Amino acid sequence: GDAAVKPRLSRVKGEAWAKAKHRVEANTVQMAEDVLALYATRETLNRPPFDPSAEGRVRKFAESFPYEPTPDQKKCFEDVENDMVWRSRPMDRLICGDVGFGKTEVAMRALFRCVANGRQAALLAPTGVL
């Protein structure tokens with residue numbers, strides 16, 4: 001191919017292949033242990049839940065959006081609210097979807113909920129905001 005660095009080939013039954021395979025297996029086990037340790041630590045973290053009485057302001061903010069939410073967005077809104085208002089653990093959630101399907105609106109509602117509860121919030125966005 002046109003790769004700048006040509007991959008090194010080795011025989012399946014050769015020593016180089018066995019070493020590479022062992023190295024990948026060891027790195028994979030280490031990564032799994034690191035992820036398990038991270039999630040075990042996260043399970044022990046606590047924070048005060050957000051104030052349910054601030055939800056009126058959050059709903060008023062939500063009404064300012066011009067589009068009708070999709071069923072998937074509504075589910076995300078509910079899940080994020082449950083994480084932020086009714087749980088005492090820091091939120092650990094990934095929202096993913098196709099371009100133009102409202103992920104930014106989910107994030108903006110969560111940011112507003114943070115600010116409405118007197119907490120700090122930050123939005124990181126690509127240089128070309130969608």
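Shown above is the structure to which this text applies.
Keep in mind that this is a model prediction, so the values were computed, not measured.

Enquirer: Please clarify how the overall build of the protein should be interpreted in this entry.
Expert: Counting its regular elements, the protein contains four helices and zero strands. The helix and strand sequence of the protein, counted from the amino end, reads α-α-α-α. The C-alpha atoms of the protein give a radius of gyration of 22 Å, which is well past the 14 Å a tight globule of 130 residues would have. C-alpha atoms of the protein, sized along the principal axes, occupy 65 × 40 × 25 Å. Looking at the 130 residues of the protein, the share that counts as buried comes to 20%. Within the protein, contacts between residues separated by at least 24 positions form 72% of all contacts whose residues are at least 6 apart in sequence. Accessible surface computed for the protein: about 10600 Å², of which carbon and sulfur atoms make up 60%. Counting 21 positive and 18 negative side-chain charges, the protein places the centres of these two groups 6 Å from one another.

Enquirer: Can you walk me through the packing of aromatic side chains in this structure?
Expert: The description of two aromatic rings rests on the distance between their centres and on the angle between their planes. Per the counting criterion, the structure on display carries two aromatic pairs. Between Phe-61 and Phe-65, the ring centres sit 5.2 Å apart and the planes meet at 85°, which makes this aromatic pair edge-to-face. Exposure remark for Phe-61: the relative accessible area of 23% places this residue in the partly exposed category. The class for Phe-65 is partly exposed, based on a relative accessible area of 22%. The interplanar angle of 0° and the centroid separation of 4.3 Å between the aromatic rings of Phe-61 and Phe-112 together place this pair among those described as stacked. Placement of Phe-61 in helix α2 (residues 55–63) and of Phe-112 in helix α4 (residues 103–116) is noted, with a sequence separation of 51 residues between them. A residue is classified by how much of its surface remains accessible, and Phe-112, at 26% relative accessible area, is partly exposed. Joined through ring pairs, the aromatic side chains of Phe-61, Phe-65 and Phe-112 make up one cluster. When the ring centre of Tyr-39 is taken as reference, the NZ or CZ atom of Arg-42 above it lies at 5.4 Å.

Enquirer: Can you help me understand the nonpolar core in this one?
Expert: Taken as a class, soluble globular proteins show a tendency for nonpolar side chains to be buried jointly. The biggest cluster of nonpolar side chains holds nine residues, and these are Phe-50, Cys-76, Phe-77, Val-80, Met-84, Val-85, Val-106, Ala-110 and Cys-114. Going through the elements one at a time, α3 (71–85) and α4 are the ones with two or more residues in this core. Element by element, the count of residues in this core is highest for α3, at five residues.

Criteria and thresholds
- Counting starts from 1 at the beginning of each chain's written sequence and moves along it residue by residue.
- Only residues with pLDDT of at least 70 are given local features in this predicted model, and only at 80 or more are side-chain atom pairs given and counted; all residues enter the totals for whole chains, interfaces and linings.
- The basis for the side-chain values is all heavy atoms of the structure; hydrogens and waters are excluded.
- The helix and strand labels rest on DSSP assignments: H or I over at least four residues marks a helix, E over at least two residues marks a strand, and numbering proceeds from the N terminus.
- For the radius of gyration, the atom set is restricted to C-alpha positions; the globular benchmark scales as 2.2 Å times the number of residues to the power 0.38.
- Only protein chains enter the calculation, and the probe is 1.4 Å; a residue is then buried if its accessible area is under 20% of its type maximum, exposed if over 50%, and partly exposed in between.
- Note on contacts: a residue pair qualifies if any of its non-hydrogen atoms lie within 4.5 Å across the two residues.
- What sets the accessible areas is the Shrake-Rupley method with a 1.4 Å probe; for residues, cover comes only from the shown protein chains.
- As used throughout, the charge tally considers Lys and Arg to be positive and Asp and Glu to be negative, leaving His and the chain termini uncounted.
- In plain terms, the charge of a residue is placed at NZ if it is Lys, CZ if Arg, CG if Asp and CD if Glu.
- Ring pairs shown here join Phe, Tyr and Trp side chains whose ring centres sit within 6.5 Å, with only the six-membered ring taken for Trp; geometry is labelled stacked below 30 degrees between planes, edge-to-face above 60, and tilted in between.
- In this scheme, the term charge over a ring applies when either NZ of a lysine or CZ of an arginine sits within 6 Å of the ring centre and within 35 degrees of the ring normal.
- We call a set of buried residues a nonpolar core when its members are Ala, Val, Leu, Ile, Met, Phe, Trp, Tyr or Cys and they connect through side-chain atoms within 4.5 Å of each other.

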